[in-house]
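# Structure assessment
Residues per chain, in single letters:
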Amino acid sequence: MKVIARYWQIFWRKVGEFNHFLLVIIVMQMSLNNSYIGRFAPTPTGKLHMGSLIAAVASYCEAQKHNGQWLLRIEDLDPPREVPGASQSFIKTLTRFGFEINNNVVFQSETLRQKAYQRALDKLIKNGHTYNCACSRSQLKSISIKAHQCRNQKQIPQKPYSINLKVPDSTLTFEDRIQGIYARNLLNDCGDCVLKRKDGLFSYQLAVVVDDSFQNITDVVRGIDLIDSTPWQIYLNNLLNYQQPSYAHIPILVNNTGQKLSKQTFAKEINQADPLETLLVAHNILLQKPFKNKPKSLIEFWNVAIAHWNINKLDNIQSIQV
Ligand SMILES: [Zn+2]
């Protein structure tokens with residue numbers, strides 16, 4: 001009888017351990033589900049136009065749908081191109097449109113961020129992944145990447161020079177959550193990229209990778225015009241031993257001649273007089289399930305938009321004419 005009781009005891013202890021194991025898995029699963037961190041990272045070189053707004057809406061809905069966080073980063077890396085007051089105007093507009101923005105807005109121009117870019121660059125230099133280049137644009141245009149002598153030289157040029165990433169002859173493949181498999185040979189299709197410009201400013205490619213890691217971004221949702229940069233960013237991520245975020249590139253907006261709507265093609269600033277109306281236009285452009293009844297408030301808009309949000313409606317679509 002004693003033996004049976006002993007086995008019974010062991011059996012229940014094992015059940016207890018198993019339950020504990022299950023609990024750990026469930027907690028891990030919950031924390032995985034809650035660990036989504038998305039972001040919106042506009043460049044403050046003008047007013048917010050519809051192309052930027054749909055990137056904001058898509059990244060926001062995707063983060064909220066995953067019960068995740070949505071972080072804002074102002075990519076003000078290039079002060080000469082920045083429009084004074086644009087950063088604050090972006091934040092104000094997003095707030096007026098009902099986006100919930102936490103206080104941790106990152107500005108790439110901040111001293112601490114600049115120091116972080118330099119640290120990452122120093123690591124790449126130390127590990128031999130960079131070279132110095134003082135060539136002019138026209139010089140670079142006239143030679144192939146394999147004939148570019150600077151790639152194999154170690155000297156510090158006497159004139160202003162950029163510090164470039166030296167890419168290997170290998171193919172980088174990733175699965176985009178919207179556009180599917182994307183593969184590019186780093187050397188032949190992408191080429192080297194600038195990490196620090198001749199004028200001393202850090203490049204977008206370096207800053208974005210350092211900041212995505214700094215902000216613990218798990219999921220990048222952005223326009224497909226940036227998909228060509230993604231192989232460089234994944235490669236840099238690997239070199240710097242950062243966690244790899246997943247990518248989802250949404251279609252860009254084009255006009256009736258197929259030109260991308262951007263500041264350069266004089267895209268109109270979004271209508272700020274009626275945020276709800278403008279958000280409904282954005283929601284429609286993003287091919288989401290139409291509202292049965294027009295929402296009465298921004299809160300209602302966001303509740304319904306997030307509840308029905310389905311990023312896969314954009315699958316394999318590269319441009320949308322507006
Ligand atoms: Zn060169």
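Residues numbered from 1 in each chain as written. Predicted model: local features only at pLDDT ≥ 70, side-chain atom pairs only at ≥ 80, totals over all residues.

## Side note on helix α9 (residues 275-285)
- Among the residues making up α9, those that are buried are L279, H283 and I285. Viewed along the axis of α9, the buried residues span an arc of 160°, placing them on a single side of the element. Residues E277 and N284 are exposed on α9 and point more than 90 degrees away from its buried face.
- One or two residues past the end of α9 sits L287, with phi positive at roughly 60°. (Buried ≥ 20, exposed ≤ 12 C-beta atoms within 10 Å, placed from the backbone. Helix = DSSP H or I, 4+ residues; strand = E, 2+ residues; numbered from the N terminus. Arc of directions from axis to C-beta.)

## Some remarks on the nonpolar core
- Ranked by size, the top nonpolar core spans 41 residues in total, and within it F40, I54, A56, V57, A58, Y60 and I250 carry the most contacts.
- Secondary-structure elements contributing two or more residues to this core are α2 (50-65), β2 (69-74), α3 (86-96), β9 (219-223), β10 (246-250), β11 (252-254), α9 and α10 (298-308).
- A per-element tally of this core places α2 first, with nine residues.
- If we ignore the near neighbours within four places in the chain, the residues touching A58 are V221, I250, L286 and I311.
- Residues L165, V167, Y204 and W232 belong to the second largest nonpolar core, which totals 20 residues. (Core = buried A, V, L, I, M, F, W, Y, C linked by C-beta atoms within 7 Å. Contact = placed C-beta atoms within 7 Å.)

## A closer look at the sheet that holds strand β1 (residues 37-40)
- Ordered by their spatial adjacency, three strands build an open sheet running β1-β2-β3, and the pairing between neighbours is parallel. Either end of the sheet is taken by a strand with one partner, and the two such strands are β1 and β3 (106-107).
- Sheet topology places β2 next to β3; two bridges connect them, and they run parallel. Paired with R73 across the bridge in β3 is V106. (Pairing = 2+ DSSP bridges.)

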